[in-house]
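A look at the structure
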Amino acid sequence: MKKAILKMVSVTAALATALVAQTGSFRVSADETTAVYSQASAGVLKDNSDYKEELADLNSQYAALQKEQDAINANINKAKSEKEKQLAIKKDLDNQIYLTRQQIQLLEDKITLLNNNISEKELEIVDKQADIDDNYTLFKKRVRAMYMSDESSTVGLILGADSFYDLLTRAEVLNRIAEHDRDLIERLQSDKADIEEAKAEIEGDKADLESSVSELDGLKSTLSSQLAQTQEEIQSIAALEEQFLKDKTKNQQEMAAVQADIDDIYAQLESMGDYVGGEFLWPLPGYSNITSYYGWRFNNSDFHTGIDISGSSVYGKSIVAANAGKVVFVQRNYTPGKGYGIYLIIDHGGGMSTLYGHTSEILVDVGDYVTRGETVAKVGSTGWSTGPHLHFEIRVNGKHSNPLEYL
Ligand SMILES: [Zn+2]
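Residues numbered from 1 in each chain as written. Predicted model: local features only at pLDDT ≥ 70, side-chain atom pairs only at ≥ 80, totals over all residues. Heavy atoms only, no water.

Moving on to unusual backbone geometry. A positive phi is found at Ser313, a non-glycine position, where the angle reads about 55°. Relative to the assigned elements, Ser313 resides in the loop between strand S4 (307-309) and strand S5 (318-320). Residue His358 is not a glycine yet carries a positive backbone phi of 65°. Following the sequence through the fold, His358 ends up in strand S8 (residues 352-362). (Helix = DSSP H or I, 4+ residues; strand = E, 2+ residues; numbered from the N terminus.)

What follows is the structure, encoded as structure tokens:
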């Protein structure tokens, strides 16, 4: 019947469809429509490209660390004899521990990130569902109104137009309201799609989370067995000597390069004022065993610029500042098997400084003022080392000297 009336006023088929769809719209107040509608527009899914980027970054960092671990393992497996294997394990153990710790840190960051994204997405789903409920209620109200509207008002509306232009004007007003109906349906559809997308992302995150957590558990047990192994290892000077003499020329060149680097560092440091005074404190409390003294060693082929202190279960023990001073250099990145590994330098004024090498961890930063006896690092085996120990140096105006003359 509506179609017949519409044909009478000769509007186009498109306009006719629109008008039919609109007839009931007047039954819902414009205020109500606007209120619910603007609420719904607020629920657009958050753009989470930052999250995806961060996640990809963590994954690639993790993969890089895994590659390093694999290289170390390949190195250990390459060793022919049992003795060589033992040496390789000893040398690389601390590096493995270091890498394992970094991997654990990355996994923990990733788990936090995944958990945050999951709860964020769950909240968004709740919001979206509320939008859908509101819009669906509104939509049902409008449909009901449309079918309940009496024909006479529709007919009256159309026939009451003074002219075709008047009708078009009314149609435009109608059309705008009708757009709300269409938009409501589109909104419902897109909200539903958003929810499905968020749910899929949560599913993916949860699977990733589960495998990350089990990977983390595995790494933690690996770390504790690595640590247990290291706790019992003591810096072996015989092993170090064997390693050094095996490729003497190359090692001498490497040592010279390390010393040149150290000289460069000292050349750039400016000692603060006068000497802080007092005597130097033993830097590794509870451990008095010196495994390598200051001076020539390995058949006069290597000059040892400090003293090595080691002992049973020394790994991870506290290294203290030998005197008050300012932390002037901290090296946290290192090349496995080379140089001092993770180390720091403290300036005590008057040109006096101390260096703490092969640590597993440094607890202070450049610019920090430390007191005499304050813990600054933990014993490790980083760099050129065959087991956990502290390499301790005292330098005067950048020149190494025998620490035992000061301790
Ligand atoms: Zn040393």
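Once the structure has been displayed, the description carries forward.
Now for empty space enclosed by the protein. Under the counting rule described, the total for this entry stands at two cavities of 30 Å³ or more. The volume enclosed by the second largest cavity comes to roughly 50 Å³. What lines the second largest cavity is Asn251, Glu254, Met255, Val258, Gly337, Lys338, Gly339 and Trp384. Each residue belonging to the lining of the second largest cavity can be placed in one class, and the counts come to three nonpolar, three polar and two charged. (1 Å grid on protein atoms, 1.4 Å probe; cavity = no way out; pocket = protein on both sides within 12 Å on 5 of 7 lines; lining within 4 Å. Points joined across faces, edges and corners; volume = space filled by probe spheres on them. Nonpolar A, V, L, I, M, F, W, Y, C, P; charged D, E, K, R; others polar.)

Time to look at the packing of aromatic side chains. Enumeration over the complete set of coordinates arrives at ten aromatic pairs. Note on Phe280 and Tyr406: the rings are 6.1 Å apart at their centroids and 80° apart in plane angle, and the pair reads as edge-to-face. Pair noted here: Phe280 is in the loop between helix H9 (248-268) and strand S1 (290-292) and Tyr406 is in the segment after strand S12 (399-401), with a separation of 126 residues, a long-range link. With a relative accessible area of 28%, Tyr406 lands in the partly exposed category. (Phe/Tyr/Trp six-rings, centres within 6.5 Å; stacked < 30°, edge-to-face > 60°. Buried < 20%, exposed > 50% of the residue type's maximum accessible area, 1.4 Å probe, protein only.)

Right, let's talk about helix H4 (residues 49-78) for a bit. Between its first and last C-alpha atoms H4 spans 43 Å; for 30 residues at 1.5 Å apiece the expected length is 44 Å, and the two agree. Of the positions making up H4, those classed as buried are Tyr51, Leu55, Leu58, Tyr62, Leu65, Gln69, Ile72 and Ile76. (Expected span 1.5 Å × (residues − 1).)

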